[in-house]
Each structure stands twice: as C-alpha cells, then as structure tokens.
Amino acid sequence: MSHTTGIRQAQKLKTRQALLDAALRLLEEQSLSSLGLREVTRAVGVAPAAFYRHFRDTADLGVALVDEALGSLHGTIRTTLATTGAGDERIAATVELIAGLVRGYPAHVRFIARERHGGVAAVREAIGGQLDRFAREVADELAAHAESRGWERDDLLMLAGLYVDHMVMTASAFLATPEDGWEAVAGTARRRLRLVSLGRRHWLD
C-alpha cells in the first residue's frame, strides 16, 4: 500500500467514525427512524453525498452502530455471566459489569435499549441477532457447570436468554435512574438474579 493510499484509507475511516459518532449524539434525542442523513452529514461537516461512501442508508448506519455497541462485548459478557466465581460473587460481578457499561457508554446503551423494539427492521434484527449470539455463547459456558448436568440444550438456551434479557432490562433501569439511586437498581437486579439461580438449582427436581 502506498503512503498516499494509506492516508486516504485513514481519512475514510476517520470520516466513517465521525458519521457514527454524530449519529449517536443525535440519537440521544430521537429515534433512528426519524434521523435524516442530512442531519448527520451536517453535524460532521461533509456533503450529503459523502454519506453514501460509507453507508447505504440510515438503517445501514444503525446496523453499524449495533455492531459498535455490542460486537466487542461477547467475550466479556460471556465470561462474566458464566464463569465469574459462584453464587453471589457471580451475581455481583454481572450487575457491576452492567453498571460499568452504562456509566462508560450511556449513548450506546440508550441506542440499543430504544432501538431493540424500534421502527427500523434491519436494526431490530441486528440487535436480536447479537442478543441471540450472546445467549448461545452463555449457554455454551453454562453447559460446563456442575449445576447444568443433565440439562437439555433448549433449557440452557432458555436460562441464558433470561440472563441476557435481565442485562438489557437492568441497563435500561440504570439509564432511567439518577446515579445516586443506582444502588437501589443494583440491589433489585441482584435479587432477581438470585431468584433465577435458585430456580436453576431445582429445575430438574
């Protein structure tokens, strides 16, 4: 690759990321279905035609935001949900992970929470696909636990789905609560996970 080509590629990636960042800021106050590409390009300071060098439309941009928000988290979430300690230790680590994600990436979390059931089908499907992948990965880890001996695959997937749904629900609760009230949110989340854990131990009874 020539030096000039490398510079152009770096500039292209920089512009693409600027479009994603601008869209995420704009989506703090509106849904993706109401977002216009001219709003995004105006915020970045590029011509509307430049948008199409990176994305087919705003739905394609939204799918890219889903990947940015969730794509890098698979290893972290799978490990925390399925392998961190046991009992209350695992529960506390899971809730702390969710709080940390909301604290560090509130705009990304808000986007996922809002668009999971939003009006853009491609983005709904992308979020659903990522969450289903989380559930499959967590089920794989749970299968190795002694508590899961004798479980059917469908039951493991059901349990993993409960954990993933709980994560999304808890993240939404953190977002909706001033940070000085987060301990109450965390306490409720821990109690719910404890209830799931109790049911897990007795599922085959």
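Each remark here, short or long, concerns the structure printed above.
Computed from a predicted model, the values in this text were never measured in an experiment. (Residues numbered from 1 in each chain as written. Predicted model: local features only at pLDDT ≥ 70, side-chain atom pairs only at ≥ 80, totals over all residues. Heavy atoms only, no water.)

Undergrad: Which residues make up the overall build of the protein chain, and what are the values?
TA: Within the protein chain, the regular secondary structure consists of ten helices and zero strands. Overall, the protein chain shows an N-to-C arrangement of helices and strands of α-α-α-α-α-α-α-α-α-α. Out of the 205 residues in the protein chain, the part that is buried amounts to 41%. Nonlocal contacts in the protein chain, meaning residues at least 24 apart in sequence, comprise 64% of its contacts between residues at least 6 apart. Element-wise, carbon and sulfur atoms account for 53% of the exposed surface of the protein chain, whose accessible area totals about 11000 Å². Side-chain charges of the protein chain comprise 26 positive and 26 negative groups, with the mean position of each set lying 6 Å from the other. (Helix = DSSP H or I, 4+ residues; strand = E, 2+ residues; numbered from the N terminus. Buried < 20%, exposed > 50% of the residue type's maximum accessible area, 1.4 Å probe, protein only. Contact = heavy atoms within 4.5 Å. Areas by Shrake-Rupley, 256 points an atom, 1.4 Å probe, with all protein chains shown as cover. Lys, Arg positive; Asp, Glu negative; His and termini not counted. Charge placed at Lys NZ, Arg CZ, Asp CG, Glu CD.)

Undergrad: So what's going on with the pattern of salt bridges? Residues and values would help.
TA: In the structure shown here, the tally under the stated rule is eight salt bridges. R194 is the partner of D88 in a salt bridge, and the nearest nitrogen-oxygen pair spans 3.1 Å. Linking D88 in helix α6 (residues 88-104) with R194 in helix α10 (residues 182-201), this pair joins segments that are 106 residues apart in sequence. (Salt bridge = Lys/Arg side-chain N within 4 Å of Asp/Glu carboxyl O.)

Undergrad: Break down the environment of R124 for me, with residues and values.
TA: With respect to the secondary-structure elements, R124 resides in helix α8 (residues 121-142). R124 has contacts with E115, R116, H117, G118 and G119, leaving out every residue within four places of it along the chain.

Undergrad: Tell me about the packing of α8 against helix α9 (residues 153-175), and name the residues and values.
TA: Between α8 and α9, whose axes approach to 8 Å, the crossing angle comes to 125°. Relative to α9, the element α8 is oriented oblique. The element α8 and its partner α9 pack so that their crossing is right-handed. Facing α8, whose interface residues are L131, F134, A135, R136, V138, A139, D140 and L142, α9 presents R153, L156, L157, L159, A160, G161, Y163, V164 and V168. Split into classes, the residues belonging to the contact of α8 with α9 amount to 13 nonpolar, one polar and three charged. (Axes fitted to C-alpha atoms, helices over the stretch in contact; angles between N-to-C directions. Parallel < 35°, antiparallel > 145°, perpendicular 65-115°, else oblique. Left-handed = near helix turned anticlockwise from the far one by under 90°. Nonpolar A, V, L, I, M, F, W, Y, C, P; charged D, E, K, R; others polar.)

Undergrad: An account of the layout of surface pockets is needed here, citing residue identities and associated values.
TA: Of the voids in this model, the largest pocket is the one considered here, and its volume is about 380 Å³. As for the largest pocket, its lining consists of 20 residues, of which A69, L70, L73, L101 and V109 are closest to the centre. Contributing elements (two or more residues each) for the lining of the largest pocket: α4 (58-70), α6, α7 (106-115), α8 and α9. Its residues placed into classes, the lining of the largest pocket shows 17 nonpolar, two polar and one charged. Looking at the lining of the second largest pocket, the elements with two or more residues in it are α6 and α10. Looking at the lining of the second largest pocket element by element, the count peaks at four residues for α10. Split into classes, the residues belonging to the lining of the second largest pocket amount to four nonpolar, three polar and four charged. (1 Å grid on protein atoms, 1.4 Å probe; cavity = no way out; pocket = protein on both sides within 12 Å on 5 of 7 lines; lining within 4 Å. Points joined across faces, edges and corners; volume = space filled by probe spheres on them.)

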